[in-house]
Amino acid sequence: MTEPGIVALVGDTDFDGRSLASEPDAAGHPEIAVARQLFPNADSRIARSGADADVARLEATGLNAYFGQRHTVKDVTLALEPRSVTAIIGPSGCGKSTLLRCLNRMHETVPGARTTGSVTLDGEQLYGGGTSAIAVRRHVGMVFQRPTPFPTMSIRDNVAAGLKTRPGTPSRARLDEIVEDALRRAALWNEVKDRLGTGAIALSGGQQQRLCIARALATRPRVLLLDEPTASLDPASTQKIEELVYDLRSTVTVGIVTHNMQQAARVSDRTAFMLDGELIETAPTNTLFTAPRDPRTEAYITGRFG
Amino acid sequence: MSTTVVPRSTRMNRVKRRGMSGLMVTLTYVAAALATLPLLFIIAHIVKLGAGAISVDLFTKMPQPVGEAGGGMANAISGTLILIGIAAAVGVPIGIGAGLYLAEHKRTPLANTVRFLSDVLNGIPSIVMGIFAWQLLVRPVGHFSALSGGVALGAMIIPLVTRTTEEMILIVPNSLREAALALGYQRWRTSLSVILRTAMPGIVTGALVAIARIAGETAPLLFTAFGNQFWSTSLRQPIAALPLQIFTYAISPYDEWHSLAWAGALVLIGIVLIISIAARFATRSRFGAAVD
């Protein structure tokens, strides 16, 4: 079966800056312009929600993930709400990273891995229905535990890397705008604006991680998934990333996996607690940390295990 | 607190340890010197005997008949460069492609077979490579050719480039592959524009080392390129090559040919040296940092 919305997703790829700039009503509202690019057939949606059009709701229902015989995510139902940061916490090996990787179909890149259940982005099925994993990943970006700048590319080319894989390469001037915008959103612009042509690996670890966030943001994903993004960083860099994540919520739906409960408390609006592959409890972050419903959640957040 | 008294035996042990350490360090220095000695000896010897015959004529003039003064090896030098070019054009792309395949399909039965056969190919004597190229490209057309010599050398490059390509790709961290996939890269594009590109400096180095290895091969050329006393750049005709020319001159009874052979050897070493130095520079990637 073919879903009309997915067809629009796959066909989103025309990033032509000149036509963008020439639309008068989009000039002051880049979100609208981008949303229009993303959903050429979805005028009603843009009219309805205005600038929120690129803020999306990602919902997993009855999701199971396996590595061969090992069942690592068990019947999880979880929504990443628009305009918010959802944290997923739990002890090591509880399946939280695997859950995150199911949400942009990265799980299936591991040999022997498979997934059942459904994931939807604003109601559109991400699994099945002729949707390609490539199209899904273009709308659901991901940043990993360790910074992964492409070592052969300059800072500028790293940020633009995701755009170059799609048909319809933007003009040079438009690309410069996109790169600057992404670096600003990732709070890295001021540190690198004078050396965009130099190698990305010369940056510090924290800068590299923000570069990876900029690279993910440059393609204007509707959802950004962060898999323990500060696990390999020092405290100062961690703080910068946390502030950044906190600010990102206004423009992109964020899901963050962390085993640092303080971090979850600092950056997220909602928190989900996982244990042994099961989602035990999801609640507003304040509620989860002050009045958890489930005794297992309480045991974990009070430090009795994990 | 009382001062610590070091027992006599411990002091003795320290003396023994230091002595042993000094001895071992000396031995490693000796081993390192012995490892470089043959090269230095060969270069010194060839320079001593060949430098006298090095002249502009050597690079610009054609070989002269015995008894006539002067003459050079212009055809052999250009022939060797042409043969190296054919070998690289044949061997490097196949080797890189095969190496990419092996790295992307690590443990499949076909990959294991290819890997094994590639190692066997690497061990095949170079004269057998010559017979192979003769059977394939000389016998059907009925005459020797530069092309057949280049293919024989190219076949020798393939397993070397395959192996280095595979190894260089395998040290590219998997996290880079994941990062590219997560950005919406197709699998083929991830392999080409991220993985292969990241591994490229190492692959280029490996290819240049392989080319330097075959630049001086003589046996595969004996009945393929065959050698040529005249100027030829045609791929379909027999072509001169430095190793063949050196061989011809060295086994001749004439003194002036002997000194030309030494000069040719010096030029050949020079070519290999230049390729090796190029390989060292290729290792430096664009942004001054190696992989990982």
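Look up: the structure comes first, before these words.
Participant: Where do I start with the interface of chain A and chain B in this structure?
Facilitator: When the parts of a complex come together, some accessible area is lost, and that lost area is often taken as the interface size. Between chain A and chain B, the residue contacts involve 22 residues of the former and 20 residues of the latter. Mapped by element, the contributors of at least two residues to the side of chain A that touches chain B are helix H6 (133-139) and strand E6 (140-143) of chain A. With three residues, H6 of chain A is the largest single contributor of residues to the side of chain A that touches chain B. When its residues are assigned to classes, the side of chain A that touches chain B shows nine nonpolar, nine polar and four charged.

Participant: Could you clarify how one ought to interpret helix H3 (residues 74-104) of chain B in this entry?
Facilitator: Every α-helix winds through 3.6 residues per turn, so residues three or four apart in the chain are directed the same way. Across its 31 residues, H3 of chain B extends 44 Å between first and last C-alpha, which sits within 8% of the 45 Å expected from 1.5 Å per residue. In the structure, H3 of chain B departs most strongly from a straight axis at alanine 88 of chain B, where the bend amounts to approximately 25 degrees.

Participant: Help me understand the environment of isoleucine 82 of chain B in this model?
Facilitator: Residue and element names in this part refer to chain B. Among the secondary structure elements, isoleucine 82 is positioned in helix H3. With 68 residues separating them in the primary sequence, isoleucine 82 and arginine 14 have C-alpha atoms 62 Å apart. Look past the residues within four positions of isoleucine 82 in its chain and what remains in contact with it is Ala146, Thr233 and Ile239.

Participant: What am I meant to see in the nonpolar core here?
Facilitator: The nonpolar side chains of soluble globular proteins are, as a tendency, buried together. In this structure, Ala214 of chain A together with Leu83, Ile157 and Ile211 of chain B are the most contacted members of the largest nonpolar core, which totals 149 residues. The greatest single-element share of this core, amounting to 14 residues, is contributed by H3 of chain B. When near neighbours in sequence (up to four residues on either side) are disregarded, isoleucine 157 of chain B contacts Ala87, Ala88, Gly91, Val92, Gly95, Ala210, Ile211 and Ile214 of chain B.

Participant: For this particular structure, what's the right way to read the pairing of strand E2 (residues 70-80) of chain A?
Facilitator: On any regular strand, side chains alternate: one points to one face of the sheet, the next to the other face. All names here are of chain A. Looking at chain direction, strand E1 (residues 58-67) and E2 are connected through seven bridges and run antiparallel. Bridge pairing in E2 links alanine 65 to valine 73. In textbook terms, the turn of a hairpin is the stretch between consecutive antiparallel strands, and for E1 and E2 this stretch comprises two residues, one of which, glycine 68, has a positive phi near 60 degrees.

Participant: What's the story with the sheet that holds E1 of chain A in this structure? I'm lost.
Facilitator: Working definition: the strands of a sheet are paired by backbone hydrogen bonds and lie parallel or antiparallel to each other. All names here are of chain A. Within the open sheet, the four strands sit side by side as E2-E1-E4-E5. Their pairing is antiparallel. On the outer flanks of this sheet lie E2 and strand E5 (124-125), each paired with one strand and no other. Where E1 and strand E4 (residues 113-121) come together, eight bridges link them in antiparallel fashion. Across the sheet, the residue bridging to alanine 65 is threonine 115, located in E4. With respect to the sheet, helix H5 (residues 96-103) is in contact with E1, E2 and E4, its orientation differing from that of E1 by roughly 120 degrees.

Participant: Explanation requested: helix H8 (residues 187-215) of chain B in the structure shown.
Facilitator: Helix length check: H8 of chain B, at 29 residues, gives a terminal C-alpha distance of 37 Å against a target of 42 Å (1.5 Å per residue), a shortfall beyond 12%. The principal kink in H8 of chain B, of about 55 degrees, is found at methionine 200 of chain B, preceding the proline proline 201 of chain B by one to four residues.

Participant: It is not clear to me how the sheet that holds strand E9 (residues 270-275) of chain A should be interpreted in this structure. Could you clarify?
Facilitator: All names here are of chain A. One open sheet holds the six strands; their spatial order is E6-E7-E8-E3-E9-E10, and the pairing between them is mixed. In this open sheet, the two edge strands, each paired with only one partner strand, are E6 and strand E10 (278-284). Strand after strand, the sheet turns through a mean of 20 degrees between neighbouring axes, direction not considered. In the sheet, E9 pairs with E10 via six bridges, with the strands oriented antiparallel. Paired with methionine 274 across the two strands is leucine 279, which belongs to E10. Together, strand E3 (85-89), strand E7 (223-227) and strand E8 (253-257) form the strand contacts of helix H11 (residues 235-248), whose direction differs from that of E8 by roughly 145 degrees.

Participant: Which parts of the structure should I look at to understand the packing of helix H10 (residues 205-218) of chain A against H11 of chain A?
Facilitator: Geometrically, a packed helix pair is captured by the angle between its two axes and the distance between the axes. All names here are of chain A. Interaxial distance between H10 and H11 falls to 9 Å at its minimum, and their mutual angle equals 20 degrees. Relative to H11, the element H10 is oriented roughly parallel. The interaxial crossing formed by H10 with H11 has right-handed handedness. Residues Gly205, Gly206, Gln209, Arg210 and Ile213 of H10 touch H11, and the partners they reach there are Ser237, Lys240, Ile241 and Leu244. Here the contact of H10 with H11 is built from residues that sort into three nonpolar, four polar and two charged.

The rules behind each value
Residues numbered from 1 in each chain as written. Chains lettered and ligands numbered in written order. Predicted model: local features only at pLDDT ≥ 70, side-chain atom pairs only at ≥ 80, totals over all residues. Contact = placed C-beta atoms within 7 Å. Helix = DSSP H or I, 4+ residues; strand = E, 2+ residues; numbered from the N terminus. Nonpolar A, V, L, I, M, F, W, Y, C, P; charged D, E, K, R; others polar. Expected span 1.5 Å × (residues − 1). Bend = angle between axes of the 7 residues up to and from the residue. Core = buried A, V, L, I, M, F, W, Y, C linked by C-beta atoms within 7 Å. Buried ≥ 20, exposed ≤ 12 C-beta atoms within 10 Å, placed from the backbone. Pairing = 2+ DSSP bridges. Axes fitted to C-alpha atoms, helices over the stretch in contact; angles between N-to-C directions. Parallel < 35°, antiparallel > 145°, perpendicular 65-115°, else oblique. Left-handed = near helix turned anticlockwise from the far one by under 90°.

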